[in-house]
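Topology and contacts: notes
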Amino acid sequence: MTQMAIAKALNESLRTSLENDPKVLVMGEDVGRLGGVFRITDGLFKDFGEGRVIDTPLAESGIVGTAIGLALRGYRPVVEIQFDGFVFPAYDQIVTQLAKMHARALGKIKLPIVIRIPYGGGIGAVEHHSESPETLFAHVAGLKVVSPSNASDAYWMMQQAIECDDPVIFFEPKRRYWDKGEVAVSSVPADLHKAVVAQAGTDVTLAAFGPMVKVCLEVAAAAANEGRSIEVVDLRSISPLDFDTVQASVEKTGRLVVVHEAPVFFGTGAEIAARITERSFYALEAPVLRVGGFHAPYPPARLEEEYLPGLDRVLDAVDRVLAY
Amino acid sequence: MTQMAIAKALNESLRTSLENDPKVLVMGEDVGRLGGVFRITDGLFKDFGEGRVIDTPLAESGIVGTAIGLALRGYRPVVEIQFDGFVFPAYDQIVTQLAKMHARALGKIKLPIVIRIPYGGGIGAVEHHSESPETLFAHVAGLKVVSPSNASDAYWMMQQAIECDDPVIFFEPKRRYWDKGEVAVSSVPADLHKAVVAQAGTDVTLAAFGPMVKVCLEVAAAAANEGRSIEVVDLRSISPLDFDTVQASVEKTGRLVVVHEAPVFFGTGAEIAARITERSFYALEAPVLRVGGFHAPYPPARLEEEYLPGLDRVLDAVDRVLAY
Amino acid sequence: MSVKSTAARRTTRGGAKRRGGEPELVQLLTPEGDRVEHSEYSIDVTPDELRGLYRDMVLTRRFDAEAITLQRQGELGLWASLLGQEAAQIGSGRATRPDDYIFPTYREHGVAWTRDVDPLNLLGMFRGVNNGGWDPNENNFHLYTIVIGSQTLHATGYAMGVAKDGADAAVIAYFGDGASSQGDVAESFTFAAVYNAPVVFFCQNNQWAISEPTEKQSRVPIYQRAAGYGFPGVRVDGNDVLAVLAVTRAALEHARSGQGPMLVEAFTYRMGAHTTTDDPTRYRSDEEREEWASKDPIARLRAHLDKQGLADEGFYAGLDAESDALAKRVRDGVRGMPNPDPMAMFENVYADGHALVDEERAQFAEYLASFEDAPAASHGAAGSGKGH
Amino acid sequence: MSVKSTAARRTTRGGAKRRGGEPELVQLLTPEGDRVEHSEYSIDVTPDELRGLYRDMVLTRRFDAEAITLQRQGELGLWASLLGQEAAQIGSGRATRPDDYIFPTYREHGVAWTRDVDPLNLLGMFRGVNNGGWDPNENNFHLYTIVIGSQTLHATGYAMGVAKDGADAAVIAYFGDGASSQGDVAESFTFAAVYNAPVVFFCQNNQWAISEPTEKQSRVPIYQRAAGYGFPGVRVDGNDVLAVLAVTRAALEHARSGQGPMLVEAFTYRMGAHTTTDDPTRYRSDEEREEWASKDPIARLRAHLDKQGLADEGFYAGLDAESDALAKRVRDGVRGMPNPDPMAMFENVYADGHALVDEERAQFAEYLASFEDAPAASHGAAGSGKGH
Ligand SMILES: Cc1ncc(C[n+]2csc(CCOP(=O)(O)OP(=O)(O)O)c2C)c(N)n1
Ligand SMILES: Cc1ncc(C[n+]2csc(CCOP(=O)(O)OP(=O)(O)O)c2C)c(N)n1
Ligand SMILES: [Mg+2]
Ligand SMILES: [Mg+2]
C-alpha cells in the first residue's frame, strides 16, 4: 500500500501502461515536455520519448481523429483533452466515428482508445474549465464512460480502461487531483464497471461518482452525528451503469438521492431515478431525489460554491427524502 | 383552414418569415437552388435571392459559427443541418458559443438563431441519416429544443422559433414530412413550449413528441378497441419541457409511458420519469415506463422497424404499465 | 453577397490563380486519346496494362450501372454512382501497392475494385443490411465513411502509425471538393505536415457537392491549399487514367520515401446524380453534362487503344461478356442477400461487452418470444405483427 | 515520428519555405529604433501619433503588470499576460476605425485599450465575477473567447453581415499560432473567401501555444496559409508597432474596399508565461526569452523617439504618473468589485425565459431562505453555512 494523490496515481498508471505495452501512446496538447497542464503526464515524455508521448497540434478533432487512425494501425492511444469544455471540437469524431466504427465493421476492427478528460468545477477557473458533460457521452452507444473518485481507483481504472478494447471516456475529477489515498498497487482491482458501496448505511442511499463521492461521504459523516445512517454508493462507471448495486442498496434503505455536478436536467440522476423506480417501485419509500447543477451555464468562479452540490444541499435532499 | 403536408407547412412558414422580416436569412448546404434535399426551402432561393437564401460551404461548424456572427450583426439566421447525424461538426459552436453567449454577455447580446434538423428514422436511409439526438441539446442550458408532430404545429412553431430571441433547435420529424394535416393559418397558435393533449383518455398517459405522436395516437385507437382509454400528450417542446401538462394527465390516469425514437438510456423518458415520479409520487399506480431506441448505433435500414418503437412495442408497455 | 463581392470573386478566379484562364493540369492522354508528355510526370505502360485499366473502368462502370438499376427496382435503398470518375478511381487505385492503406468516402467503388473488395460487399450498406461490414484489414481498404471529411484524419493517424512502425507503406485518403471545406480535412493537413506522415490526400473534384458547385467551397483550385500547409499539391486531369496513375504513383512514392504528405486534386466530373435520390436537373445544365460527356474517361482510353491498335474485337467482346457476368453475379447476389437477424442490432456495439446491451438484448428477445406464444393477432386492431 | 521524418521536417523548415533562412517580414522600425522603408507598406506618422502609440503600449504593459500582481495577491483567479505583444496589439488596434468590429481571443488587452474598453471590464472574468459581461456593441469589441478559434467564424459571419448591409466597415479576428490548427479557423478562411467577406484575420504568432512551439502547428509560416484559400497573407514584424499599424491598415482597407479577406501574421513573442498558472521554465530556455527581450516593442519605439528627439523628460514623467494612476484605479477597482449575487446564476440564461430556469430559481431562493430562518448551524457537523 502506498499513499498517493489521484494525480500521481494516474501518472503512475500511465507509466505502467506505457512500460507494459509498446503499443500504448499518450497524446494531446502539452502532454509532452510540459507534462500536461495538470502534470498528469509529468516525466513520461522524458522517459518514453516523443514517439510515445506526443505533443499534438491544437485541434481536438484532429487529436481524436488521428488517434482513431493510430488505433486502426494497432496502437492504443490515450488521448488527453485539456479541459472538459474543450472536448466539443472532437465530439463529431467521438460520436460518429469512435463510438460506431466497431459496429460498422461488424466487429472486425477495434478501437481501444482512452479519452482522458479532467472535469468538474471547484477550482476557481474561468469559463469552459469546470463542466461535467458525462450525459453527452453516456447517451451515445459504443462509448464507455467511467470516473474514479479516489487514488486507488484512479490507478486501477486507468489501466483497465487502457486494456479495454472499447473506447473509454475517462473523466478525471480535477478538483480531487491532489487528494491522497491508499493505492494497493499489487492487489486485484474491482471490475471497471462495478459500483461499490463506499460507506454502508441503512436509512438513505446516496449515489455519486467522481468528485461528488467525497461530498457524499462527508454528508454521511455529518448525518451520522444526527443519528442517520447513510449508505454511499460510488458508481465509478456511468456507462454501463451498475444498477444492480444501486438497486440492492435501495431495496435496503428505501430511499435514494443521486448527486452530481452536471445539470440535473437530463443528467445521470434522471436515468438512475427512472430505472431504479422501475426496478424497485414497491421498495421506494420516497421518490428518487436529485442534487446537481442548475439549468444554466457553469457560473463564474465566485459563484461556483453556490452552483455545486455541497454538504448542505445534499443534506437538504436527505432531509426531504426522509420526510416522505 | 388548409390541408398541408408538414414539409409544405415548414416551407410556407419560412416563406412567411422571410417576407415579414428582412433580417431573416435561410442558410445551409443545398438550401438554395436545390431547395434542400427534402425541398423544405423549395422556391425560396428563386423568390428571395442568394442574399437571403444562402448555399454555404460544406462545413457545419462554419455554418453555425457564421450564423452566430450574422446574428451579432442583427440578422436572424435559420440554419439547416442536412441530417441529424451531421450536426456534430457544429456541436462545439452550438454548445460552447451559441448556447452560452447571451449569458456570457450578461444579456447584452441576443442570438435569435434557429437550427433546423430533420431527424429520426423510418425512411430506409443509410447510416447517420436516422438519428434522434435531442438529449444532446436538451441537456445544454441556453438552448431551446422543440419538435412538431403535425402540419399545423410545423407551420406555427417554426415562425415562433424564428421570432424567439433565443437559439432554438428545431427537430423536424422527417419521416412525417409528407403527412398532411389541417393548418389554421390565421388562428392564434399555442405557446411554443406548451404540451397539448392530443387525445384525451383516462387509463394510461402516453407522452411523445415529433414522429412518435402518430404512433401513440394509433396505439390509443388500437387500445380503444380493447376498451382501454389512453391519453396522448404531445410534448412539442423538449426544453423547456411542459411537466405541468404531463403531471395533470398523470394525476388523472395514474400511469405513464414515454415514447421516443432516441435510445432510452439518458433519453427524454428518463428526465420525464424522474421528474413526474417526484411530482406525482403518490398518484402513480406504476413506475413510468419508457419505450425507445436501444443502446446501440441506429441499425441498418432493414432492421429499423425492429429498432423503432412501433404499435406493438408501445402496446406491450401499455399492457405492462396496466399490469401493476 | 453583394454585386461588388461577386465581381471581386470573378476577378480572382479568372486572374492570377489560373494560368491562361485554366489551372495547370497534368495530362498524359488527351480527350482524343493521344499521348502527350509531361515534364514532371511520365509513365511507361505496357499494352497489357492499358487493357487492364480499360477493363477496370468498364467493369466498374457496369457494376455502377447495375447498382443504379437495382436501386430503381427497390433492391437497394440508395446508390451513389461514380459515373464519370472511373479514371480518377482506377488510376489512383492501381497506383497503390497491396501494403498501402486506403481510406475511401462512400463513392470509391472503382478504388474498391482495384483492391479486390468484392463488389457485393459494397452493396450491403446501400441495401440496408449493414453499415459497411467488410474487414478493412483484408484488403487494406477501410470502410466507407459518410460523415464528410472524417476519414482524412483516420488516414493521417494511420499514416503516423506507419511511420512509427518504420514501415515502407503509404496511405491514401479520398475526399471530395465539398469535403475540402470541412475543418477535419484542414486538421488532417496540419497533422500530416507536422508529423510528416506518409499520406496522400486524393481529392476527386467532381465539381459538385450535391447541388453546390466548387465555387461554393473555394475560390482557387483546391490543390493550391497544400502549399499553405507546407506540402506539395498537384492538379491532374481526373478523366485521364494514365495521368492519374502517374501522379498518384509519384505522390505515394513521395510519401513512402519519407517526404511526407502530398495533395492530389483529380479534376473530374460527376456525370450522374449525387445519389439516386438526387435530381441534378434542378441545379445544372444539360450543356455542362454534355460537355463533360465528351471528355469521358473510358471513351478516351478506348480511343487510344483503337488508334494504337492495342485491342481487338475479341478483347471488347470478351469484356462485354465479363461485364454481363459481373452484372448477373451482382444482381443475383444482392437479391439473395438476407435481411439481418433482428438480434444483430445488439451485436458488436462493444468489443468487451456492456451490461445495458446485454439487458436490452435479453428483454428484446423475450419480447419477440412473446409473439411466438401468442395467437397471430396479438392486439385487437394492432395485430399485424411486431415492429411497425 | 521517426528520425527520418524529423530530418525531413528540418529540411523543409530550413529550406525553400524561408527566404535566406528567415521568412519575409514587413518591418518599418528596426530593433535599434531606426526607420526603414518597405516597398509595399509605408506610413506617415506625426510625432504626436508616435508618442500616442508609445503611451498606449506603456499603459497597456503597466495594466498587464498590475493584473499579474493582483492575481498573485489572490484578487484575480487567473491572468493571461500580453507582455511582449504590445506592438502587435496596439498597432493593429489603432489601425481600426470605430465602425470596424473586433473579435478578440482572451489576451487582447492592448486591443481593448485602443477601443476604449474600460480595463476593469476585462478583469471581471479573470476575477471570476462574470464570464465576460461588457456590452460588445458599445465599443464594437466582442467578448473574449476562450474556446480556441471559435471567434474567427463569428467574425466572418459578422463580416458577411457587414457586406450584406452594404456598410463600409471591416472586421478583424484575432487568433494565435496555436489556433491556426483548429478546424474552425480553416472554415472561417473558406467562408470568408467564398463570400468575399470584409474580414482581416490577425494571427499573433507569439511562437508558443502554452508549451508547444509553432513547429507543432505548422511547418511553414502561417501567413502562407491564406494563398491556398485564395486571399493574400502577409507576415509583419509584430514587435514593430509602425509596421503592424501600416500592414493592418492596408489589410482593413483591402477588406473595406470589397477585395475580401486578408491574413496578417504578426511575428512576435510571448515574453511571459502562458497564464499565471503556467511555468515556462519547463519548456523553453532563458536564452530564447532574453533574445526576444532585446527586441522589446516598447524599447524599440522609445529608442526611436529618443534618437529623433521626439519626446522629452516631461513626456516620460507624465506617462509614469499616468501609469501609476491607471494601476491604482485598476487596483482599487478590482478590490471593490463585488461578488455577484447567487441568484445571478439564473439570469440571462435565456432572453425569452425558460420554465425550468424559473422553477430552479424559485427552488433555490426557497432553499437559501431556509437558512435565514434556521439557527446558524443548520446541520450538526455541517453547520458552516450554505454552499460547500
Ligand atoms: C458532415 C456531413 N455533412 C453533410 C453531409 C451530406 N452530404 C452527403 S454527400 C454531400 C456532398 C459531398 O460533396 P463532395 O465532398 O464534393 O463529394 P461528392 O459527393 O461530390 O463525391 C453532402 C453535403 C454529410 N454526409 N456529412
Ligand atoms: C478548443 C480549446 N482547446 C484547448 C484550449 C486550452 N488552451 C488555452 S490557450 C491554449 C494555447 C493557445 O495558443 P495560441 O493560439 O498560440 O494563443 P496564445 O495563448 O499564444 O495567445 C490552449 C491549448 C482551449 N482554450 N480551447
Ligand atoms: Mg464533389
Ligand atoms: Mg501563441
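Computed from a predicted model, the values in this text were never measured in an experiment. (Residues numbered from 1 in each chain as written. Chains lettered and ligands numbered in written order. Predicted model: local features only at pLDDT ≥ 70, side-chain atom pairs only at ≥ 80, totals over all residues. Heavy atoms only, no water.)

**Side note on the site of ligand 1**
Of all residues adjacent to ligand 1, which total 20 residues, the nearest are Glu60 of chain B together with Tyr106, Arg107, Asp177 and Trp208 of chain C. Residues close to ligand 1 are split across chains B and C. Separating an oxygen atom of ligand 1 from a backbone N or O atom of alanine 179 of chain C is a distance of 2.9 Å. In isolation ligand 1 exposes 580 Å². Once the protein is present, 95% of that is buried. Looking at the shell around ligand 1 residue by residue, the class counts come to 10 nonpolar, six polar and four charged. (Near = heavy atom within 4 Å. Polar contact = N/O pair within 3.5 Å; in protein donor to acceptor, adjacent residues only side chain to side chain. Areas by Shrake-Rupley, 256 points an atom, 1.4 Å probe, with all protein chains shown as cover. Nonpolar A, V, L, I, M, F, W, Y, C, P; charged D, E, K, R; others polar.)

**Describing the domain arrangement of chain A**
Residues and elements named next belong to chain A. Examined at the domain level, chain A breaks down into domain 1 (2–183) and domain 2 (196–322). Look at where the C-alpha atoms of domain 1 and domain 2 centre, and you get two points 26 Å apart. At the interface, 27 residues of domain 1 touch 23 residues of domain 2. When the two sides are added together, the surface that domain 1 and domain 2 hide from each other amounts to roughly 1900 Å², 49% of it contributed by carbon and sulfur. Counting every contact that joins domain 1 to domain 2 gives three salt bridges. Ionic pairing is found between arginine 175 and glutamate 261, a salt bridge with its closest N-O pair at 2.8 Å. On inspection of domain 1 and its partner domain 2, the count reaches 14 residue pairs in polar contact (both at pLDDT 80 or more). When residues of the side of domain 1 that touches domain 2 are traced back to their parent elements, those giving at least two are helix H6 (135–138), strand S6 (144–146) and helix H7 (151–163). (Domains from an automatic or database assignment. Contact = heavy atoms within 4.5 Å. Buried area = accessible area lost by both parts, 1.4 Å probe. Salt bridge = Lys/Arg side-chain N within 4 Å of Asp/Glu carboxyl O. Helix = DSSP H or I, 4+ residues; strand = E, 2+ residues; numbered from the N terminus.)

**Describing the UniProt feature "domain: Transketolase-like pyrimidine-binding" (unreviewed entry) in chain A**
The UniProt record annotates "domain: Transketolase-like pyrimidine-binding" (unreviewed entry) at residues 4–179 of chain A. Across residues 4–179 of chain A, helical content stands at 35% and strand content at 17%; the span's end C-alpha atoms are separated by 8 Å. (UniProt positions renumbered as here; feature names shortened; annotations may be inferred.)

**Regarding the site of ligand 2**
With respect to spatial proximity, 20 residues lie near ligand 2, and among them Glu60 of chain A together with Tyr106, Arg107, Asp177 and Asn206 of chain D are the closest. Residues close to ligand 2 are split across chains A and D. A distance of 2.7 Å separates an oxygen atom of ligand 2 from a polar atom in the side chain of tyrosine 106 of chain D. Within the side chain of asparagine 206 of chain D, an N or O atom sits 2.8 Å from an oxygen atom of ligand 2. Here ligand 2, which alone exposes 580 Å², has 95% of that area covered by the protein. Among the residues forming the shell around ligand 2, the class breakdown is 10 nonpolar, six polar and four charged.

**Thoughts on the interface of chain B and chain A**
On the chain A side, the residues contacting the 52 residues of chain B number 53 residues. Both sides together, the interface formed by chain B and chain A hides about 4400 Å², and carbon and sulfur atoms give 67% of it. Where chain B packs against chain A, one counts four salt bridges. Here arginine 104 of chain A makes a salt bridge to glutamate 127 of chain B, at a shortest N to O gap of 2.7 Å. Where chain B packs against chain A, one counts 10 residue pairs in polar contact (both at pLDDT 80 or more). Elements that contribute at least two residues to the side of chain B that touches chain A include exactly helix H4 (91–98), helix H5 (101–104), helix H6 (135–138), strand S12 (237–239), strand S13 (256–263), helix H10 (268–279) and strand S14 (289–293) of chain B.

**A look at the UniProt feature "domain: Dehydrogenase E1 component" (unreviewed entry) in chain C**
Within the UniProt annotation, "domain: Dehydrogenase E1 component" (unreviewed entry) is assigned to residues 55–325 of chain C. Along residues 55–325 of chain C, the helical share is 46% and the strand share 11%, with 14 Å between the first and last C-alpha atoms.

**Observations regarding the sheet that holds strand S6 (residues 233–237) of chain C**
Residue and element names in this part refer to chain C. Ordered by their spatial adjacency, five strands build an open sheet running S1-S2-S3-S7-S6, and the pairing between neighbours is parallel. Either end of the sheet is taken by a strand with one partner, and the two such strands are strand S1 (101–103) and S6. Strand-to-strand twist across the sheet, computed as the mean angle between neighbouring axes with direction ignored, equals 20°. As defined by bridge partners, strand S3 (residues 199–205) adjoins strand S7 (residues 262–267) across six bridges and the pair is classed as parallel. Residue pairing in the sheet places valine 200 in a bridge with methionine 262 of S7. (Pairing = 2+ DSSP bridges. Axes fitted to C-alpha atoms, helices over the stretch in contact; angles between N-to-C directions.)

**Let's talk about the sheet that holds strand S11 (residues 230–234) of chain A**
Residues and elements named next belong to chain A. Taken in spatial order, the five strands of this open sheet run S9-S11-S10-S13-S14, and their pairing is mixed. Both outer strands of the open sheet, strand S9 (196–199) and strand S14 (289–293), are each paired with one neighbouring strand and no more. Strand-to-strand twist in this sheet, taken as the mean axis angle between neighbours without regard to direction, amounts to 25°. When strand S10 (residues 204–208) meets S11, the two strands line up parallel, connected through five bridges. Opposite leucine 206, over in S11, you have valine 232 as the bridge partner. On the sheet, helix H10 (residues 268–279) packs against strand S13 (256–263) and S14 and is oriented at approximately 155° with respect to S13.

**Concerning the coordination of the magnesium ion (ligand 4)**
Residue and element names in this part refer to chain D. Around the magnesium ion (ligand 4), the protein supplies Asp177 (OD), Asn206 (OD1) and Trp208 (O) as donor atoms, at distances of 2.0 to 2.1 Å. Sequence spacing of the donor residues for the magnesium ion (ligand 4), all on one chain, is D-x28-N-x1-W. One exposure class covers both asparagine 206 and tryptophan 208, and it is buried. (Donors = N, O, S within 2.8 Å, 3.2 Å for Na, K, Ca; no water. Buried < 20%, exposed > 50% of the residue type's maximum accessible area, 1.4 Å probe, protein only.)

**Observations concerning the coordination of the magnesium ion (ligand 3)**
Residue and element names in this part refer to chain C. The magnesium ion (ligand 3) binds to the protein through Asp177 (OD), Asn206 (OD1) and Trp208 (O); the donor distances cover 2.0 to 2.1 Å. When the donor residues of the magnesium ion (ligand 3) are listed from N- to C-terminus, their spacing reads D-x28-N-x1-W. Here the residue aspartate 177 occupies a position in the loop between strand S2 (171–176) and helix H8 (183–194), and asparagine 206 occupies one in the loop between S3 and strand S4 (208–209), the gap between them amounting to 29 residues. Pair check on accessibility: aspartate 177 and asparagine 206 agree, each one buried.

**Focus on the relation of the copies chain B and chain A**
Of the transformation placing chain B onto chain A, the axial shift is 0.0 Å and the rotation is 180°, giving an RMSD of 0.0 Å. The relationship between the two copies is best expressed as a two-fold rotation axis. A high fraction, 100%, of the interface residues of chain B reappear at the interface in chain A, so the copies pair face to face through one surface. (Least-squares fit on C-alpha atoms with pLDDT ≥ 70 in both.)

**Observations concerning the side chain of serine 81 of chain D**
Along the chain, the position of serine 81 of chain D falls in the loop between helix H2 (47–72) and helix H3 (86–95). A distance of 3.0 Å separates a polar atom in the side chain of serine 81 of chain D from the backbone nitrogen of leucine 83 of chain D.

**Considering the pattern of salt bridges**
What the rule picks out here adds up to 99 salt bridges over all chains. Across the pair arginine 236 of chain A and aspartate 153 of chain A runs a salt bridge, and its minimum N-O distance is 2.9 Å. Taken together, the positions of arginine 236 of chain A in the loop between S11 and strand S12 (237–239) and aspartate 153 of chain A in helix H7 put the pair 83 residues apart, joining distant regions of the chain. Lysine 307 of chain C is the salt-bridge partner of aspartate 34 of chain C, the closest N and O atoms lying 3.0 Å from each other. Taken as a pair, aspartate 34 of chain C in the loop between helix H1 (3–14) and helix H2 (47–72) and lysine 307 of chain C in helix H11 (residues 297–307) lie far apart in primary sequence, 273 residues in all. Aspartate 34 of chain C gets classed as partly exposed once you look at its relative accessible area, which sits at 33%. Sharing partners across several salt bridges, the network here consists of Asp244, Glu271, Arg275 and Arg279 of chain A, Arg290 of chain B together with Glu359 of chain C.

**Examining the pairing of S14 of chain B**
All names here are of chain B. With five of its five residues buried, S14 lies for the most part within the structure. Bridging between S13 and S14 involves four bridges; their strand directions are parallel. Within S14, the residue paired with valine 257 across the bridge is leucine 289. Taken together, S13, H10 and S14 constitute a β-α-β crossover, and its handedness is right-handed. (Right-handed = clockwise from strand over helix to strand, strands pointing away.)

**Some words on helix H1 (residues 6–20) of chain A**
Between its first and last C-alpha atoms H1 of chain A spans 21 Å; for 15 residues at 1.5 Å apiece the expected length is 21 Å, and the two agree. The buried fraction of H1 of chain A is high, at 11 of 15 residues. (Expected span 1.5 Å × (residues − 1).)

**Some points on the domain arrangement of chain C**
Each assigned domain of chain C is listed here: domain 1 (3–335) and domain 2 (342–388). Relative placement of domain 1 of chain C and domain 2 of chain C: their C-alpha centres are 42 Å apart.

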